[in-house]
Amino acid sequence: MGEIICPSQETSGNHVAPDYRCVLSDEPLTVQEHKVFGSGLDEAGVGPSIWKIYDAVSRVSTPRTQARILRVHDGPELAGAALMLRCRAWAESLFASPLLHRPVDALRLPAHIWIRVGYCAEGIANPGFVAQGHSRDAVIGAMLTHLKRHALGTIVTDTVANAGLHDGAARFSYVNDGRVVTVGMRGIDDFLGLHNNLVRKIKWFAKRGGHIETIRGRLDASRLPHLRRFVRTTADKSVIHTPFQDCFEKIVEHTSTCDSPDLVHFFAYLDGAPVGHHTFIRAGHTLRMVHGAFDRSLPKTHHAYENLLVESVRFAIAEGVESIHYGPVVNETKRRMMTDSEPAAIFFYSNNPIIRAVIPRVFPYTRMQRRELLAFGDGDGDGQA
């Protein structure tokens, strides 16, 4: 993908915003480029710790999936950037039958995946970064225009509140993004009091030899085999098969072992054996889940999932964190334990008129629109171009 001049339509009085030049490449953002976006992160209450996650993911690559950075320039000045993935084996995320997904994936057609909801979920979620002095909508609009004109396929997961940025895209329903707001909570009992059965589930877990271990900073490599087992068994039974499933183990490994004191890992054990984990990054006033998985080969985990969530809330309250962001809500337990959620939708772009005509007709019948998945969303997609 080359460059394109993306004219901004925004005006302010007699001032017309400058045209932007967009460049998509596999070159990771540099430390100096990170600093350009510092004020925007401060305004979002996030802070610079997230760069460790994105830097780790930027160096993940498989024959089918590569991390890419879309940069926006205003003359010599860097105005914006976003992390996304280019995937060449995405059909299995849409079609369960090998008769359907294997012929499509054999074509190695590129699809760019940009998750704009939140920060760091799955290691790649980012709303895009904008330098001080530039309009966020204008810069993000330039990015989307570039993808619309040059990419064979682009899938953007975004909040419903941002739907106005996606003029001309096909729109589909998706799950909500979940969070627990801890402002005003003096201790874990304030959170437990919101749920009738959590105290019982904590006791049940403990009686069966369950406990939660909290680890700060990078994980030792000796723990990676456990993470791989959790990821593989969870993927086997997940309601979602991601377009970047082939590199997700690498994303988990790279982000879990990056050198950051702001990483926080919670491991669940039953009778001394690890059965699941959640990994977060402490980012400003927030705690952001990067990834989490369980050993789904076990017949039961005795409420280990609920206990991990409770422990992350306990940690956040003790640390003075204002909100914990858990990413996409894809199960009923998670939905019930959130105090708030953000409706999201999927937006699809293509520079190919045939693909633009076919996808809106096919997508409603794919795995990404299954009833059991969309039960955790607000039904905000209309399936129309």
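See the structure above.
Residues numbered from 1 in each chain as written. Predicted model: local features only at pLDDT ≥ 70, side-chain atom pairs only at ≥ 80, totals over all residues. Heavy atoms only, no water.

1. Examining empty space enclosed by the protein
So, point 1. Taken as a whole and assessed by the stated rule, the structure comprises two cavities of 30 Å³ or more.
So, point 2. Estimates place the volume of the largest cavity at around 80 Å³.
So, point 3. Lining the largest cavity, in full, are Pro28, Leu29, His34, Trp51, Tyr54, Asp55, Ser58, Ile69, Ala82, Leu83 and Phe129.
So, point 4. Of all the secondary-structure elements, those providing two or more residues to the lining of the largest cavity are helix 3 (50-58) and strand 6 (77-87).
So, point 5. Of the residues forming the lining of the largest cavity, the biggest block, four residues, is contributed by helix 3.
So, point 6. For the lining of the largest cavity, a count of residues per class yields eight nonpolar, two polar and one charged.
So, point 7. Roughly 40 Å³ of internal volume is contained in the second largest cavity.
So, point 8. If you go around the second largest cavity, the residues you meet are Val117, Gly118, Tyr119, Ala121, Asp177, Arg288, Met289, His325 and Gly327.
So, point 9. Of all the secondary structure elements, the ones that give two or more residues to the lining of the second largest cavity are strand 15 (286-294) and strand 16 (323-328).
So, point 10. Of the residues in the lining of the second largest cavity, the class split is four nonpolar, three polar and two charged. (1 Å grid on protein atoms, 1.4 Å probe; cavity = no way out; pocket = protein on both sides within 12 Å on 5 of 7 lines; lining within 4 Å. Points joined across faces, edges and corners; volume = space filled by probe spheres on them. Helix = DSSP H or I, 4+ residues; strand = E, 2+ residues; numbered from the N terminus. Nonpolar A, V, L, I, M, F, W, Y, C, P; charged D, E, K, R; others polar.)

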